[in-house]
Amino acid sequence: MPVNKRELLDKFARDGDQRLLLARVLDQQQRAEQRGVPTHTGFLSPAEQAQSADLLMAAAPRQGVLFGGYPEAERKLWAFLPDWLEEETWREGEDCPVCALQVKVHDSANLTHRDYLGSLMGLGLTREKIGDILLTGEGAQVLVLRETLPILLSQWEKAGRYPVKLREIPLSDLTPSQGEVKKIRATVAAQRLDAVLAAGFSIPRSRAADLIRGGRVMVNHRPCEKADKTVEAGDVLTCRGLGKCVLTQVGGTSRRGRTILELDRYI
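Residues numbered from 1 in each chain as written. Predicted model: local features only at pLDDT ≥ 70, side-chain atom pairs only at ≥ 80, totals over all residues. Heavy atoms only, no water.

1. Quick look at helix H7 (residues 193-201)
- Buried residues dominate H7, accounting for nine of its nine residues.
- The set of residues buried in H7 consists of Leu193, Asp194, Ala195, Val196, Leu197, Ala198, Ala199, Gly200 and Phe201.
- Of the surrounding secondary structure, the elements contacted by the buried residues of H7 are strand S10 (181-188), helix H8 (205-213), strand S11 (217-219), strand S13 (236-239), strand S14 (243-253) and strand S15 (259-266). (Buried < 20%, exposed > 50% of the residue type's maximum accessible area, 1.4 Å probe, protein only. Helix = DSSP H or I, 4+ residues; strand = E, 2+ residues; numbered from the N terminus. Contact = heavy atoms within 4.5 Å.)

2. Side note on the layout of surface pockets
- Estimated volume of the largest pocket: approximately 1400 Å³.
- Secondary structure elements with two or more residues in the lining of the largest pocket: helix H3 (46-59), strand S5 (130-135), S11, S13 and S14.
- With five residues, the single largest contributor to the lining of the largest pocket is S5.
- In terms of residue class, the lining of the largest pocket is made up of 15 nonpolar, 10 polar and 10 charged.
- Reported here for the second largest pocket is a volume of approximately 320 Å³.
- Lining the second largest pocket are 21 residues, and of these Leu21, Arg24, Gly42, Leu44 and Glu128 lie nearest its centre.
- Looking at the lining of the second largest pocket, the elements with two or more residues in it are helix H2 (16-35) and H3.
- It is H2 that contributes the most residues to the lining of the second largest pocket, seven residues altogether.
- For the lining of the second largest pocket, the class distribution of residues is six nonpolar, seven polar and eight charged. (1 Å grid on protein atoms, 1.4 Å probe; cavity = no way out; pocket = protein on both sides within 12 Å on 5 of 7 lines; lining within 4 Å. Points joined across faces, edges and corners; volume = space filled by probe spheres on them. Nonpolar A, V, L, I, M, F, W, Y, C, P; charged D, E, K, R; others polar.)

3. Observations concerning the packing of aromatic side chains
- A complete count under the given rule lists two aromatic pairs for this structure.
- Ring centres of phenylalanine 67 and tryptophan 90 lie 5.5 Å apart, and the angle between their planes is 70°; on these two criteria the pair is classed as edge-to-face. Remark: tryptophan 90 occurs in helix H4 (residues 87-92) and phenylalanine 67 occurs in strand S2 (residues 65-67); sequence separation between them is 23 residues.
- Exposure remark for phenylalanine 67: the relative accessible area of 6% places this residue in the buried category. (Phe/Tyr/Trp six-rings, centres within 6.5 Å; stacked < 30°, edge-to-face > 60°.)

4. So, unusual backbone geometry
- One non-glycine residue, serine 202, lies in positive phi territory at about 55°.
- With respect to the secondary-structure elements, serine 202 resides in the loop between H7 and H8.
- Judged by its relative accessible area of 55%, serine 202 is exposed.
- Notably, histidine 221 is not glycine yet its phi reads approximately 70°, a positive angle.
- Mapped onto the elements, histidine 221 comes out in the loop between S11 and strand S12 (222-223).
- Owing to a relative accessible area of 23%, histidine 221 belongs among the partly exposed residues under this scheme.

5. Things to note about the packing of H7 against H8
- For the pair H7 and H8, interaxial distance at closest approach is 8 Å and the crossing angle is 115°. Classified by the interaxial angle, the pair formed by H7 and H8 is roughly perpendicular. Taken as a pair, H7 and H8 cross one another with a handedness that is right-handed. Across the interface between the two elements, Leu193, Asp194, Ala195, Leu197 and Ala198 from H7 touch Arg205, Ala208, Ala209 and Ile212 from H8.
- The residue makeup of the contact of H7 with H8, split by class, is seven nonpolar, no polar and two charged. (Axes fitted to C-alpha atoms, helices over the stretch in contact; angles between N-to-C directions. Parallel < 35°, antiparallel > 145°, perpendicular 65-115°, else oblique. Left-handed = near helix turned anticlockwise from the far one by under 90°.)

6. Notes on the side chain of glutamine 51
- Note on placement: glutamine 51 falls in helix H3.
- Overall, the relative accessible area of 19% leaves glutamine 51 in the buried class.
- Here glutamine 51 is in contact with Gln18, Leu21 and Leu22, once residues within four sequence places are set aside.

7. A look at the nonpolar core
- Ranked by internal contacts, the top residues of the largest apolar core, which has 25 residues, are Leu193, Leu197, Val217, Leu237 and Leu263.
- Secondary structure elements with two or more residues in this core: S10, H7, H8, S11, S13, S14 and S15.
- Among the elements that make up this core, the one with the highest residue count is H7 (seven residues).
- If you look at the next biggest cluster of nonpolar residues, it comprises 21 residues, including Ala109, Leu125, Ile133 and Leu149. (Core = buried A, V, L, I, M, F, W, Y, C linked by side-chain atoms within 4.5 Å.)

8. Brief notes about the sheet that holds S2
- Taken in spatial order, the three strands of this open sheet run S1-S3-S2, and their pairing is antiparallel. The open sheet is flanked by strand S1 (39-40) and S2, the only strands paired with a single partner.
- As defined by bridge partners, S1 adjoins strand S3 (residues 77-80) across two bridges and the pair is classed as antiparallel. Looking across to S3, one finds that histidine 40 is bridged to alanine 79. (Pairing = 2+ DSSP bridges.)

Encoded structure:
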């Protein structure tokens with residue numbers, strides 16, 4: 001392993017699993033650079049995207065493209081494109097590894113995200129092969145790596161106990177829906193992480209501080225154990241067991257001199 005690669009992994013990997021993930025990302029970036037061909041990773045969670053983005057910022061002047069099939073996708077992959085290939089051309093061409101399936105089930109089926117994911121993984125697919133799963137009135141739209149299409153079209157017969165009908169659809173036909181959001185207006189003495197987290201999830205500040213110290217909280221998908229970290233407008237807060245909220249706006253001050261916040265909590 002080249003010394004610079006080992007040094008990068010030593011610096012950015014927090015554990016063995018993360019080191020393996022970051023090594024795979026670096027391998028694809030270097031392969032694209034050395035061979036002049038487009039390469040890509042598997043689908044990554046938001047936290048994995050953030051971790052690998054930090055690594056790539058240090059490793060390569062020209063980072064890759066994060067793509068999940070549509071702009072608001074949660075799970076995305078890194079694509080590394082040679083100089084001769086424009087991103088728009090790549091997205092619309094045969095080299096794009098992301099494709100979508102329309103999944104139809106019986107009208108009486110009330111399947112969840114977990115039902116579809118479980119049936120896909122029951123076929124032997126790993127999580128990195130599967131992108132977002134968008135629930136629709138007729139079933140779901142599933143983002144997957146193109147290499148999985150032959151397996152899915154020939155072997156995916158049921159989701160839960162319901163038969164499925166499949167067809168590939170263009171990415172332009174995707175119909176993502178915004179998740180249900182609860183608007184929260186609150187005041188805090190300071191824009192500290194523990195105070196904003198408590199406001200966003202309607203919990204005592206002491207509990208918020210415990211969750212932060214326990215390593216269960218991320219800011220913009222990066223772990224943060226500093227309760228006094230300043231949170232800014234646009235920051236995304238996630239907490240294992242509670243979910244996600246976004247600080248959408250920092251307003252003025254109340255009559256008591258406290259800072260007014262507006263947050264979106266995803267339900």
